[in-house]
Amino acid sequence: MVSNIKSPSYKMEVIEERSVLAEGPYWDSGHQRLYYVDMRNMTVNSYDPVTHTIHKATIKDSEYSVSDPSKQTPVTLVVRVKDTEDLFVVALKGALAVIQWDGTSTVNVTPVHLMDIVDEPNSGSRCNDGKVDPSNRLWVGTMGKQTKSDPKGNEFEKDKGEMFRVDFTGMEKKKTKMVKGMQIPNGLEWSLDNTKFYLVDSLTFKVTEYSYDDKDGTIEEIKVLYDLKENSLAGTEDKPNSLPDGMTIDSEGKLWLAIYGTGKVIRLDPNTGKTETEIVLDKVLQPTSVCFGGKDLSTLFVTSARVDWNDEFESSYPNSGKLFQITSIGAKGAGPSRPIDLPKPLLKDIRRKLKIELVTTF
């Protein structure tokens, strides 16, 4: 049960640019920029916390169309390619792709296909959240298709959610199914000592703890770490769409979790399973994910959404869909977001397809 919850004295800034469904915040320490996606608008966004400017790369491809809802393909994660200035891995529908973008301009970009993640590309399943683990493996969750329009937003194919681990060696791109039978795989993190893996399944309202072997990337379920229902944070009649969403970890090994449908972000102690801190966001209903950033990693960035929106929601939650920048919360991130280090042969092939010259950082 919830006990001894603290409400920190914090400073909250709201960035006025709005998304429909912002997700996947990623802090790039080398360029001091936050990247995140707007799934519904098919954009990868960059935010400069010093100038408060946002730039966008809109995914354009002949196979997909934003104007045709039947062909809309959500972009669900963004990860920088290590030692490059302008390459990113993104998830598009059921696959991974690479885009070229400088992060400081607003442009259209054409993705280059990297690999399929979903086993059956025509099944309607798609990628969701993902991150790079401590040993340079990319973990990507997938979820089943939405079966009908539902105001609760939870009518998806049951037990179709899966978590994959992707290993890159030379030109080989190997995916391994790590967890199956999930509903919506979402936030994921690793413990500071690299012995535990934490994974959110949104529609079960739970965060599960796994043992983790960093050498070979294997996991084994240990226990349910946190259950929103047991902590009075799951959906209610007036707020039925209250779900655990994106997650990050701080320098003390505590987990920060966005609770979609409540306007809250909470801090969990994985040792006790207790809620330690609760942040109530200003006039927002659907926080989606969290990420630490800034020069000393003491800024908590929170993305949000405005899905299945109406005039009543707009009146009560006008900041929904905006980016939040929160400081003075008494915690710092465990580290910047990890880039993916692609093998040189594979990177060379990607550059050939993109027809760009070698640009590296030193």
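In what follows, the structure referred to is the one given above.
Residues numbered from 1 in each chain as written. Predicted model: local features only at pLDDT ≥ 70, side-chain atom pairs only at ≥ 80, totals over all residues. Heavy atoms only, no water.

Here's the deal with the pattern of salt bridges
Basically, it comes down to this: Salt bridge, as used here: a side-chain nitrogen of Lys or Arg that lies within 4 Å of a carboxyl oxygen of Asp or Glu. A run of H or I in DSSP becomes a helix once it reaches four residues, and a run of E becomes a strand once it reaches two; helices and strands are each numbered from the N terminus. Accessible area is worked out with a 1.4 Å probe on protein chains only. A residue is then buried under 20% of its type maximum, exposed over 50%, and partly exposed in between.
By the definition in use, this model includes 21 salt bridges. For the salt bridge of glutamate 314 with arginine 18, the shortest nitrogen-to-oxygen distance reads 2.9 Å. Separated by 296 residues along the polypeptide, glutamate 314 in helix H1 (residues 311–316) and arginine 18 in strand E1 (residues 11–18) bring together distant segments of the chain. Accessibility expressed as a relative area gives 28% for glutamate 314, which makes it partly exposed.

Focus on the packing of aromatic side chains
Note the threshold: Pairing of aromatic rings covers Phe, Tyr and Trp, the last through its six-membered ring, and needs centres within 6.5 Å; plane angles under 30 degrees mean stacked, over 60 mean edge-to-face, and all others mean tilted. To sit over a ring, a charge needs its Lys NZ or Arg CZ within 6 Å of the ring centre and within 35 degrees of the ring normal.
Overall, the coordinates contain 14 aromatic pairs when judged by the stated rule. Taking the centre distance of 5.9 Å and the plane angle of 75° together, the rings of tyrosine 35 and tryptophan 101 count as edge-to-face. Linking tyrosine 35 in strand E3 (residues 33–38) with tryptophan 101 in the loop between strand E8 (95–100) and strand E9 (107–109), this pair joins segments that are 66 residues apart in sequence. A relative accessible area of 2% means that tryptophan 101 is categorised as buried. Connected via pairs of aromatic rings, a cluster forms that spans Trp139, Trp190, Phe197, Tyr210 and Tyr212. Its guanidinium or amino end placed over the ring of phenylalanine 164, lysine 175 lies 5.3 Å from that ring's centre, counting from NZ or CZ.

Remarks on the pairing of strand E11 (residues 126–132)
Remark: a regular strand shows side chains that alternate across the two faces of the sheet. Quick note on the threshold: Here, strands pair whenever DSSP counts at least two bridges between them.
Among the seven residues of E11, six are classified as buried, and the element is accordingly described as predominantly covered. In terms of strand pairing, E11 meets strand E12 (residues 138–143) through five bridges, oriented antiparallel. What sits directly across from arginine 126, in E12, is methionine 143.

Looking at the sheet that holds strand E19 (residues 243–249)
So the rule is basically this: Fitting a line to C-alpha atoms yields each axis, with helices limited to the stretch in contact; the angle taken between N-to-C directions then spans 0 to 180 degrees.
One open sheet accounts for four strands, arranged E19-E20-E21-E22; its pairing is antiparallel. At either margin of the open sheet sits one strand with a lone partner, and together these are E19 and strand E22 (274–280). Each strand of the sheet is rotated relative to its neighbour by a mean of 25°, with strand direction disregarded. Looking at chain direction, strand E21 (residues 264–269) and E22 are connected through six bridges and run antiparallel. The residue bridging lysine 264 from the neighbouring strand is valine 280, located in E22.

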